[in-house]
Structure formats: C-alpha cells, structure tokens
Amino acid sequence: MRSRVEKRRASKEEHQPRARLPVVRHLIVILSTGMLVATLFTIFTPLGIAGGLGLGIDGVFRPIDIEDSGVIYPTSTPRPRPKIGLVAGHWGTDTGAVCPDGLAEVDINLDIATRVKQILVDEGFEVDLLMEYDSRLQYYQALTLVSIHADSCAFYGTEASGFKVAATYATARPDRANRLVSCLYSRYSDVTGMAYHAGVTDDMTSYHAFDEIHTNTAAAIIETGFLNLDRQILTQQPDLIAEGIARGILCYIRNEDASPPADN
C-alpha cells in the first residue's frame, strides 16, 4: 500500500493543468505562420521583385545590388528611325556642269546635300547620302528620295535663273510624287526667294534613279539654280539653299499645306 505522502503526490499530479503542451504548439504555429507571411510579403513587394531586400548577416534588411545579383535583364531595342535618301548629283561619277573659272557643279551639289542631311538628322531622321550611281539605289525604299543638282553655267540670257523641280512618272503613287514636288516648290521658293524656272527637261522627268528605286518611294529631282546668274546664292548662302530643300522634304513627310507662295 502507498504511503500518505505518495497518495498526496499522485493526487497533486492528477489535478495539475495539462494545457502547457497545446499552448506551446499554438505558439510554434503562430510564429511559423508569421515568418511565412513576412517572407512572402518581402518577395512580392516591388523591391522584392526587381531586386528586393536582402537580409544581412547582422539581421538588417538592405537593398540588393542588382548588378551583383547575377540576374541579366533584357534591354529595350531602339525603334528604327524613318529613312530619307539624298542624291548628291554627279558625286562619284563626274563633275557635272563646270564654269570657266573651274567651279564644278558636283562640289555645289555635295556641299548642299551634306547640309540638308544634317538638318534632317537633327529632326530625327535617318538619312542616306547617295552618289549619282550608288548601288544602294536599286529598289531603294524610304519615305522619299530627292536628287540635288545645279543648272548650267552657260549664259542663256536673263531668263537663265531660278530653280526647277520634277517628279518621277515611274511610281506606284503619282499623288505622293506630285505632293513632294509641290512641297519642294513651295518651301524652296519661300526660303530662298528664288523664282521658279519653267524649263523642266526630259533629263529631269526621266532621271535614271527614278527607274532604279522602289516604286513606293516618292522621288523628285531639284535644280537648285543656275551656276551663272544664281552663283552668288549657291556659293555664298548654301545653308539657305539647304534649308529650303529640307523644309520641302519635311512639308511632304509631315503632310503640311503644300500651297505655293501667294506671289508666285
């Protein structure tokens, strides 16, 4: 038989609360759940997705250095810029018209075409500066193509002055070609103050490059002036000449009003 002391000890153990073990289990579950929620919250915050916060060895969260994370992020591909073609007349082939003092048309053409290119590049366009018989002219596709020339240095009388513009007939969109001519005529006349010379020749309308380029490319040829009577503006104000051509091209591309100046 048990002694009185043993009986008292057994009775005391029977009446001892047994809630300690369940309480500990509940605490473990709560702590585990809290840690899981905190981890998920950290991962799915903007910083967690794009680089996140890293837990240092000292227990402090700090931004993760993306460059050192080993993750390679894709870079955006720049969109191609709209393209324009400029032919510097006679460049790479011959001199073109030549004055008695040696002034060559090709030098005037190349200088002006280079200036036009810079204006258009500054406007955000990709510009191809092409030679007279450039291999790239075959099926050339662009917003537009303009061939830049100057007229004869011979003296034909006071009427041998002014500029000329002509379009290609070999095009799938003659309306576009005609609008390009209208824009060049309007803006060039307005900027330079030069008069239009009506003597457009077959060499202009049947210009060889018109048969080489893609039929969807609107194209025109401009004779910027005569090397004799218009020599001063062609040689001393090339920026003005270039601006007139560039504005004509931009007028066409931006679908601006192409009405000729009121006094012409």
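Everything here concerns the structure above.
Residues numbered from 1 in each chain as written. Predicted model: local features only at pLDDT ≥ 70, side-chain atom pairs only at ≥ 80, totals over all residues. Heavy atoms only, no water.

Engineer: Tell me about the overall build of the chain, and please be specific about residues and values.
Structural biologist: When helices and strands are counted, the chain shows 9 helices and 7 strands. Looking at the chain residue by residue over its 264 residues, the buried ones come to 38%. Intrachain contacts of the chain at a sequence separation of at least 6 include 77% that bridge at least 24 residues. Put simply, the chain shows about 16,300 Å² of open surface, and 57% of that area lies on carbon and sulfur atoms. (Helix = DSSP H or I, 4+ residues; strand = E, 2+ residues; numbered from the N terminus. Buried < 20%, exposed > 50% of the residue type's maximum accessible area, 1.4 Å probe, protein only. Contact = heavy atoms within 4.5 Å. Areas by Shrake-Rupley, 256 points an atom, 1.4 Å probe, with all protein chains shown as cover.)

Engineer: Give a detailed account of the state of the cysteines, specifying residues and quantitative values.
Structural biologist: Per the stated rule, a full pass over the model turns up 2 disulfides. One disulfide in the model links Cys-99 with Cys-153; its S-S distance is 1.9 Å. Here the S-S torsion is close to 105°, and the disulfide linking Cys-99 with Cys-153 is therefore right-handed. With Cys-99 in the loop between strand E3 (83–88) and helix H4 (105–122) and Cys-153 in the loop between strand E5 (144–151) and strand E6 (164–167), this residue pair connects regions lying 54 residues apart in the sequence. Put simply, Cys-183 and Cys-251 are joined by a disulfide, and their sulfur atoms are 2.2 Å apart. What sets the handedness of the Cys-183 and Cys-251 disulfide is the S-S torsion sign, and at about -55° it is left-handed. Of the two residues, Cys-183 sits in helix H5 (residues 174–192) while Cys-251 sits in helix H9 (residues 238–253), which places them 68 residues apart along the sequence. When sorted by exposure, Cys-183 lands in the same class as Cys-251, which is buried. (Disulfide = S-S within 2.5 Å.)

Engineer: Give a detailed account of the packing of aromatic side chains, specifying residues and quantitative values.
Structural biologist: A full pass over the atoms with the stated rule returns 5 aromatic pairs. Taking the centre distance of 5.4 Å and the plane angle of 75° together, the rings of Phe-163 and Tyr-196 count as edge-to-face. Note that Phe-163 is positioned in the loop between E5 and E6 and Tyr-196 in the loop between H5 and helix H6 (202–205), a separation of 33 residues in sequence. Taking the relative accessible area as the measure of exposure, Tyr-196 reaches 33% and is therefore partly exposed. Here the aromatic rings of Tyr-207 and Phe-210 are separated by 5.4 Å at their centres, their planes lie at 80°, and the arrangement is edge-to-face. Neither Tyr-207 nor Phe-210 differs from the other in exposure class; each is buried. Taken together, the ring pairs connect Phe-163, Tyr-185, Tyr-188 and Tyr-196 into an aromatic cluster. (Phe/Tyr/Trp six-rings, centres within 6.5 Å; stacked < 30°, edge-to-face > 60°.)

Engineer: Kindly report on H5, identifying the contributing residues and their values.
Structural biologist: End to end, H5 covers 27 Å across 19 residues, agreeing with the expected 27 Å (1.5 Å per residue, within 8%). Here H5 has its buried residues at Ala-177, Leu-180, Val-181, Cys-183, Leu-184, Tyr-185, Ser-186, Arg-187, Tyr-188, Ser-189, Val-191 and Thr-192. Residues of H5 that are buried in the fold lie against E5, E6, strand E7 (218–226), helix H8 (231–236) and H9. Just downstream of H5, Gly-193 is the residue with a positive phi angle, here 75°. (Expected span 1.5 Å × (residues − 1).)

Engineer: Residue-level account of unusual backbone geometry, with values.
Structural biologist: The phi dihedral of His-90 falls on the positive side, at around 75°, and the residue is not glycine. Locating His-90 in the fold gives a position in the loop between E3 and H4. Even without being a glycine, Asn-255 presents a positive backbone phi close to 55°. Looking at the secondary structure, you find Asn-255 in the segment after H9. With a relative accessible area of 58%, Asn-255 lands in the exposed category.

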